[in-house]
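# Understanding the architecture of this molecule
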Amino acid sequence: MPHTAERSARAARVHRRPGRWTIARALAVAAVAASSACTAPGGPADTTPPTVVARVPAPGSTNVWIGAPISVTFDEPMRTAGFDPSDARVETDAGASVAVAWSWSSDGMVLHGTVVERPAVPATLTLTLGASLTDAAGNPLEAPEEPHAWEVPAWQSLGEELDVDAARHALDPAVAIGADGAPVVAWHERAPGDGLGSVQVRRWDATTGGWTTLARNLAIRPEGDASRTSLVVDGSGRIHVAWTEDDLGLGLTFVARYEGLGEWQVLDPHPLPGPGAPYPTHHMDAALATGPDGLLVRSLRWSHVVGPYGRLETWSADDEAWEAYVGTLTGPTGDIVTAVSAPAVDREARAVVAIAHAVGSGMPDVWSVARSVSPTAPAFALLPDYGGIAGGPWPVRDVVVAVDGLDRPHAAWRELPSGSGSDWNVRVARYDDATSSWTPLGGVLDTVATNPAGEPSLAIDPLGRPLVAWHENDGGNRDVHVRRWEPSVDDWVALGGVLDRDPARNAFEPRLALDADGYPVVAWHESVGGVFSVFAARYNGP
């Protein structure tokens, strides 16, 4: 039997899925046989079909990021001219087509792909290669017998727990997205009991699928107890972390900038008293935000002699010092400030911040949202109060703010409606300068309105849609949830299910950041065998 006929007979015996592949394969084999019969003397014809030697993601992979590269490596150069994308089809287990952008390596041996339209998740994706794929001689591809399929969950778990020391509590996470799109997480760790806290910072490495340590046990004073971390990445891609160190019941805040290779530069450290001596000014907490033209802003709550107040400062690179951005923050009648949120900065470099102020003994603190008058005037104006934010007849807590692309302030908070016992609810409202009023976005975000909910984290995507992460007690354990506002349905839409690694455990204090395309990354801490650990995940869906 001639060689080409033998090859054709063998191909007919190999199991193939019925349909398009079988017909196209038969036609391609016949074409190669005809071409070989006409080959001029002087050398054997190439009738060996190309094969697949490597595939990414590996067949059967789980917990795959939707943005992970797809690739197929062949054992010889393929015919790339006139490549038809339908010969590399990706489909979900529900039969939906997934849009993928394809390209070839310069040598024609690797087909690269990237998902460009995210499918509904969770899903199992399968890549099917068409029979029209041939090598340079026109030999059709010898199809792999094992399907190329991988699982894409709603939320990709970013490794295991981030903790540096598994024997210590890992608490109070903060999350940001680096200039390269890699998530960065900061938190503090302390030994159970009265152990001193120190700050840890790690960055996700998609290549290794693990976390790289940028800071380990970051603290300024040996006696300082570090906690309350905040984290941002500025317009130049530089990572900044803030924290508070307590000593003898008094505290001082610090901000450090990552310089690379494990080195951190502390920005304008305050004069430090001697070991064990109290600070002349007590800093209770601080948080960071970035703005246009490299602006770095921190909010600060502090006390000095007369009581606690709030303050906004901006970092001056020229003077290498923190300068007043908005002077002392107080309530409408000069009330003492009892809490200050992390700031947000709009396109005009105006800072927006939420402050809580005491109004009287036995009364719940009242929250207001303040905005700086201008980038150059160290003054602020309180925005008109919206019922829930102002506190109304019931307590309000944990107010956080964000600003959309139209410079509209948003606020999220938890409130305790009168007569509801401990059933705190999470709500969101948007401020409109044209009407000088707040508009509620939907109702309560809680999955069940009677479940206690709290610790909201707020961000707004490039389309102007707010996203909120919070924890909620389902009657047995606290779980982390994420929802996004969808104007098309005028309601909140859940992004996947609970994020907890184990729904039977308690999860707290979720913190939310968005990548350049507006997809969320969330970090939180969760109880694991009596010790709290920090975890992170990113959303895979549309």
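Remember, predicted model here, so these are calculated numbers, not experimental data.

## Regarding the environment of Pro222
Structurally, Pro222 can be placed in the loop between β12 (210–218) and β13 (225–233). Its relative accessible area of 70% is what places Pro222 among the exposed residues. Distance in space between the C-alpha atoms of Pro222 and Leu196 is 9.0 Å, their sequence separation being 26 residues.

## Thoughts on the sheet that holds strand β33 (residues 491–494)
Taking strand neighbours across the sheet as the criterion, the 4 strands line up as β30-β31-β32-β33 in an open arrangement whose pairing is antiparallel. Of all the strands in the sheet, the pair left with one neighbour each is β30 (453–460) and β33. Pairwise comparison of adjacent strand axes, ignoring direction, gives a mean angle of 30° for this sheet. Taken together, the 4 bridges between strand β32 (residues 478–486) and β33 define a ladder with antiparallel strand orientation. Considered in β33, the bridge of Trp485 is made with Trp492.

## Focus on the pattern of salt bridges
Per the stated rule, a full pass over the model turns up 21 salt bridges. Taking the shortest distance from any N to any O, the salt bridge between Arg168 and Glu189 comes out at 2.9 Å. Within this pair, whereas Arg168 is found in the loop between β8 (155–157) and β9 (169–177), its partner Glu189 is found in strand β10 (residues 183–190), the two being separated by 21 residues in sequence. A salt bridge links Arg347 to Asp407; the nearest nitrogen and oxygen atoms lie 3.2 Å apart. Placement of the pair is Arg347 in the loop between β22 (344–345) and β23 (351–357) and Asp407 in the loop between β26 (396–403) and β27 (409–415), with a sequence separation of 60 residues. Judged by relative accessible area, which is 6%, Asp407 ranks as buried. Residues joined in a network through salt bridges with shared partners are Asp461, Arg465, Arg484 and Glu486.

## Side note on a negative patch on the surface
A cluster of acidic residues, Asp318, Asp319, Glu320 and Glu323, forms a negative patch on the protein surface. Of note, Asp319 is situated in the loop between β19 (308–316) and β20 (321–329). Note on Asp319: relative accessible area 52%, which makes it exposed.

Basis of the calculations
- Residues numbered from 1 in each chain as written.
- Predicted model: local features only at pLDDT ≥ 70, side-chain atom pairs only at ≥ 80, totals over all residues.
- Heavy atoms only, no water.
- Helix = DSSP H or I, 4+ residues; strand = E, 2+ residues; numbered from the N terminus.
- Buried < 20%, exposed > 50% of the residue type's maximum accessible area, 1.4 Å probe, protein only.
- Pairing = 2+ DSSP bridges.
- Axes fitted to C-alpha atoms, helices over the stretch in contact; angles between N-to-C directions.
- Salt bridge = Lys/Arg side-chain N within 4 Å of Asp/Glu carboxyl O.
- Patch = residues over 30% accessible without salt bridge, like charges linked within 9 Å, V, L, I, M, F, W, Y side chains within 5 Å.
- Areas by Shrake-Rupley, 256 points an atom, 1.4 Å probe, with all protein chains shown as cover.
- Lys, Arg positive; Asp, Glu negative; His and termini not counted.
- Charge placed at Lys NZ, Arg CZ, Asp CG, Glu CD.

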